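Summary of structural features
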Amino acid sequence: MRKSYFLLLLLCFLSAWWTGCSDDDSGLVDKPTPGDPTPGGQTTTDEIYYANYFAADMLSEVYVWNKEISNDINKLDPETNEDPISTVKEIRYKKDGKEMDKWTMLTNDVESLTSSLEGVETTFGYSLALGTFTNTGNYFFVVSYVYPDSPAAKAGIKRGDIIMQLDGQDINDDNYLNALYNPTISLGMGEQQTGGISLKEDPIELTAVKMYEDPIIVEPKVFDCGGKKVGYLAYTGFDLASAQKLVDICRNFKEEGITELILDLRYNGGGYVFTECVLASMLAPESAVSAGEVYQTEQWNDEYMAYYKEKNIDLNTYFSTEHKLASYNLEVNTQDANIGLSKIYALISSGTASASEGLLIGLMPYMDVQLIGTNSHGKYCTGIVFESEDVYKNPPKELDNWGIYVMVSFYADKNGENPCMPDGLVPDVEVSDDVMDGYQLGDENETMLHAALEQAGKTDFAPRSRSISAPVYKTRSLHVGPAFGKRIDTRLKDKIELK
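Residues numbered from 1 in each chain as written. Predicted model: local features only at pLDDT ≥ 70, side-chain atom pairs only at ≥ 80, totals over all residues. Heavy atoms only, no water.

**Comments concerning the overall build of the protein chain**
Looking only at helices and strands, the protein chain features 15 helices and 27 strands. For the protein chain, buried positions account for 56% of its 499 residues. Looking at the protein chain as shown, the accessible area adds up to about 21,000 Å², and 46% of this sits on carbon and sulfur atoms. (Helix = DSSP H or I, 4+ residues; strand = E, 2+ residues; numbered from the N terminus. Buried < 20%, exposed > 50% of the residue type's maximum accessible area, 1.4 Å probe, protein only. Areas by Shrake-Rupley, 256 points an atom, 1.4 Å probe, with all protein chains shown as cover.)

This is the structure in structure tokens:
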């Protein structure tokens, strides 16, 4: 059963178009029933009317920057605003022209959003970096990694493969997203040669399928580094389904006797705080977990902080071996899974965001965390996905598939510090992710892993033979999809409930 939350009670004096509290004890706000659109009054459909109201309620009440955008919320006028999705994006918080909130979003397809956050996508099963030919301006793709058992994997596509054409056409601004969102695609593959990239004769045909994209994309490994054992874990997203698998992996690492871990988060765009906490409890010093020390702190907007103080509600997150998520009926036990690490080498990039940044920040006060790579994304706040049934006792049917992912708090370490605010974590050792280096993830000679192993003391590498490099192109990561940049703490809903 869905619950009513504290945010609803404060709407009586914060909602932009409040007309009076209801007589029942639901905590809801009476809203005028939209009438028929008329030239002199409501010009929006009932669906858009309610969507504007819903967005305004959330941003007025629970948004961490609610005061800063209070004047702009009026743009969500339910009677006249025809595009509440774009308006939410327009009014989310900016400072001195810089977009401080890149993540709050209103959607009319919350079902797809929540499905993607669970790792279930209709997909070809690859992650791509977008390249540009500097001499023509046309695009090409390089495959960053491939999910096991996906259409791409079954077709033999692997990291470093080059895509030059889509459905027989050169790749440009008009068609490049087809590589991700079309139901079927014909890929014209390229190969590196001295002086450039040439097109292969035979294209690869793919059909997208709905599948679970397992974020553990490479079989975990253990390397010998000068007599000590160092583990390697590549992890691309904190979904709920992988939580128990992480426990099994950490128990195996413990049995193997590793003392240090290379944690590859370069493609990890975030996910659920629940899974983040599960992993943190197995990587942190066992003494900190046993003592239940503070893992992270949270800072909400002024109204909520005053309320939490009055009610003596604890906003801290603590290390633990018992992890429960009541709203999903999920329990994970990490007893005997703490590895006993002395150091973590974290591989980061602009694709490292949100929950992955939160994990590293929460661990830093307790242990040696060395950052290797390039600056992370810089997602320093936590959000909640609200659906209309989370908010209203009798939600209008017009809002059946509407939802909002809204930033509700800033997270920080136990000391209230967040070194990724506002521009991301800065690496201790700067190394770029070279998707065209000719090596697969998990190979000791793959560029970023090689750098981490060197830091760990490994010297006996196999001889390296790099792929041909050509000066006519450059690449950048292509981060797309609803899961990127999400740090979702569903537990916070329980914290804001009033009896």
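**So, the state of the cysteines**
Per the stated rule, a full pass over the model turns up zero disulfides. As a non-bridged cysteine, Cys381 has Cys420 as the owner of its nearest cysteine sulfur, 8.7 Å distant. (Disulfide = S-S within 2.5 Å.)

**Some words on the nonpolar core**
Ranked by size, the top nonpolar core spans 94 residues in total, and within it Leu283, Leu359 and Leu363 carry the most contacts. At ten residues, helix H3 (residues 46–61) tops the list of elements feeding residues into this core. Setting aside residues no more than four positions away along its own chain, Leu283 makes contact with Leu261, Leu263, Asn338, Ile339, Leu341, Ile344, Leu359, Leu363 and Met367. Judged by nonpolar contacts, the second largest core, of 32 residues, contains Ile162, Tyr232, Tyr345 and Leu453. (Core = buried A, V, L, I, M, F, W, Y, C linked by side-chain atoms within 4.5 Å. Contact = heavy atoms within 4.5 Å.)

**Considering helix H12 (residues 355–363)**
Among the nine residues of H12, nine are classified as buried, and the element is accordingly described as predominantly covered. Here H12 has its buried residues at Ala355, Ser356, Glu357, Gly358, Leu359, Leu360, Ile361, Gly362 and Leu363.

**Description of unusual backbone geometry**
A cis amide bond links Met421 to the next residue, Pro422, at an omega of 0°. Tracing the chain through its elements places Pro422 in the loop between strand E24 (403–412) and strand E25 (429–430). One non-glycine residue, Asp167, adopts positive backbone phi at about 55°. Within the secondary structure, Asp167 sits in the loop between strand E7 (162–166) and strand E8 (169–170). A relative accessible area of 41% means that Asp167 is categorised as partly exposed. A positive phi angle, close to 60°, is found at Ser354, a residue other than glycine. Mapped onto the elements of the fold, Ser354 is located in the loop between strand E21 (343–348) and H12. You can call Ser354 buried: its relative accessible area is 0%.

**Side note on the confidence of the model for the protein chain**
Taken as a whole, the protein chain shows an average pLDDT of 86; of its residues, 84% reach a score of 70 or greater. The low-confidence segment residues 1–30 (pLDDT under 50) makes 70 contacts with residues lying over four places distant or belonging to another chain. Low pLDDT (under 50) marks residues 468–473, which in the prediction has 21 contacts with non-local residues, meaning those over four places away or in another chain. (pLDDT = per-residue confidence, 0-100.)

**Here's the deal with helix H11 (residues 302–311)**
Among all positions in H11, only Tyr304, Tyr307 and Tyr308 are buried. When H11 is viewed along its axis, its buried side chains cluster within an angular range of 95° and face the same direction. Opposite the buried face of H11, by more than 90 degrees, sit the exposed residues Lys309 and Glu310. Phi turns positive, to about 55°, at Asn312, one or two residues after H11. (Arc of directions from axis to C-beta.)

**Some remarks on the sheet that holds E25**
The sheet built from six strands is open, its strands ordered E13-E14-E15-E21-E22-E25 with mixed pairing. Every other strand in the sheet has two partners, leaving strand E13 (221–225) and E25 as the edge strands with one partner each. Taken together, the five bridges between strand E14 (residues 228–234) and strand E15 (residues 260–264) define a ladder with parallel strand orientation. Of the residues in E15, the one forming a bridge with Gly231 is Leu261. (Pairing = 2+ DSSP bridges.)

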